[in-house]
Amino acid sequence: MNKKEQLKQLEEKMRGDAALPLPTNLVFGEGNINCEVMFIGEAPGEQEDIQKRPFVGRGGQLLNKMIEAIGWKREDVYITNIVKRRPPNNRDPLPEEIEVYKPYLTKQIEIINPKIIATLGRFSMNYFNPNLKISRDHGKVFRMNGRLLVPMYHPAAILRNMGLIGEYEKEFKKFPKILEKFDELLK
């Protein structure tokens, strides 16, 4: 079974899983299933729930702009969230919600098999490494199970504090270099 079929099967399994919390639309993920970089946020927001696509609201527009600024297209990467349905009132996902979605994200990553996982925000960063702090570790590169982990601020956090935009742009500009030196950085 190829990657596309495996992801479709995983998405269908999620749709049929009555144990998954949150009664909103499933926002599975989208992008290049053969990507080298996978962006993972925390949970869909209002626009994402409506359009059933990840990162399509204001934060998604900023993410697109950052991706394009390094000469890539949104279609070059894969974008998803830990929790695949919108929490009420756009609240943070609860630990038990993250836990229930965990096996699905693990399988999604296994199928896509990116070289780099770029986490967007502290929830997705702490999903992979609970010892990291977003204010201290954003933009740094960490080794993780044969991949590289790059914690990034969530685009919504940048929109709330535009004083960080210059630093955010610099961190995105590191991605091509990180890919170039992937093997060396993984040692």
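Residues numbered from 1 in each chain as written. Predicted model: local features only at pLDDT ≥ 70, side-chain atom pairs only at ≥ 80, totals over all residues. Heavy atoms only, no water.

**Student:** Even after reading the chapter, I still don't get the sheet that holds strand 2 (residues 37-41), so can you show me in this structure?
**Tutor:** The strands that make up a sheet are held in pairs by hydrogen bonds between backbone atoms, and each pair lies either parallel or antiparallel. Strand order in the open sheet formed by six strands is 1-3-2-4-6-5, with mixed pairing between adjacent strands. The open sheet has two edge strands, strand 1 (30-31) and strand 5 (142-144), and neither has a second partner. With four bridges connecting them, strand 2 and strand 3 (residues 78-81) associate as parallel partners. Looking at strand 3, one finds that Phe-39 is bridged to Ile-79. (Pairing = 2+ DSSP bridges. Helix = DSSP H or I, 4+ residues; strand = E, 2+ residues; numbered from the N terminus.)

**Student:** I'm lost on the packing of helix 3 (residues 58-69) against helix 8 (residues 165-173) in this one. Help?
**Tutor:** A pair of packed helices is captured by two measures, namely the crossing angle of their axes and the spacing between those axes. Interhelical geometry of helix 3 versus helix 8 gives an angle of 50 degrees and a closest axis separation of 9 Å. Between helix 3 and helix 8, the interaxial angle falls into the category oblique. The two elements helix 3 and helix 8 meet at a crossing, and its hand is right-handed. Here Leu-62, Leu-63, Met-66 and Ile-67 of helix 3 lie close against helix 8, whose contacting residues are Ile-165, Tyr-168, Glu-169 and Phe-172. Here the residues of the contact of helix 3 with helix 8 sort into seven nonpolar, no polar and one charged. (Axes fitted to C-alpha atoms, helices over the stretch in contact; angles between N-to-C directions. Parallel < 35°, antiparallel > 145°, perpendicular 65-115°, else oblique. Left-handed = near helix turned anticlockwise from the far one by under 90°. Contact = heavy atoms within 4.5 Å. Nonpolar A, V, L, I, M, F, W, Y, C, P; charged D, E, K, R; others polar.)

**Student:** How should unusual backbone geometry be read in this particular structure?
**Tutor:** Residues other than glycine predominantly adopt negative phi, and peptide bonds predominantly adopt the trans conformation. Unusually for a residue other than glycine, Asn-89 sits at a positive phi of about 55 degrees. Of note, Asn-113 is a non-glycine position whose phi angle comes to about 55 degrees, a positive value. Along the chain, Asn-113 turns up in the loop between helix 4 (95-112) and strand 4 (116-120). By relative accessible area, which is 48% here, Asn-113 ends up partly exposed. (Buried < 20%, exposed > 50% of the residue type's maximum accessible area, 1.4 Å probe, protein only.)

**Student:** Quick question: what am I supposed to make of the environment of Gly-59 here?
**Tutor:** Checked against the element boundaries, Gly-59 lands in helix 3. Through-space distance from the C-alpha of Gly-59 to that of Pro-95 is 23 Å; in sequence the pair is 36 residues apart. When near neighbours in sequence (up to four residues on either side) are disregarded, Gly-59 contacts Pro-155, Ala-156 and Leu-159.

**Student:** Help me out: how do you make sense of the nonpolar core in this one?
**Tutor:** Most often, soluble globular proteins keep nonpolar side chains buried together rather than apart. In terms of nonpolar packing, the biggest core is built from 56 residues, with Val-37, Phe-39, Phe-128, Tyr-168, Phe-172 and Phe-175 touching the most fellow members. At seven residues, the largest contribution of residues to this core is made by helix 4. Those residues in contact with Phe-39, other than ones at most four positions away along the chain, are Leu-63, Ile-67, Val-77, Tyr-78, Ile-79, Thr-80, Ala-118, Leu-120, Phe-172 and Phe-175. (Core = buried A, V, L, I, M, F, W, Y, C linked by side-chain atoms within 4.5 Å.)

**Student:** What is the right way to read the side chain of Glu-97 from this model?
**Tutor:** Within the fold, Glu-97 resides in helix 4. In this structure Glu-97 comes out as buried when scored by relative accessible area, which is 5%. From its side chain, Glu-97 meets the backbone nitrogen of Leu-94 in a polar contact 2.8 Å long. Excluding anything up to four places from it in sequence, Glu-97 contacts Pro-21, Leu-22, Val-83 and Arg-91. (Polar contact = N/O pair within 3.5 Å; in protein donor to acceptor, adjacent residues only side chain to side chain.)

**Student:** What exactly am I supposed to notice about the side chain of Thr-80 here?
**Tutor:** Secondary-structure assignment places Thr-80 in strand 3. Side-chain polar atoms of Thr-80 contact the side chain of Lys-84, separated by 2.6 Å.

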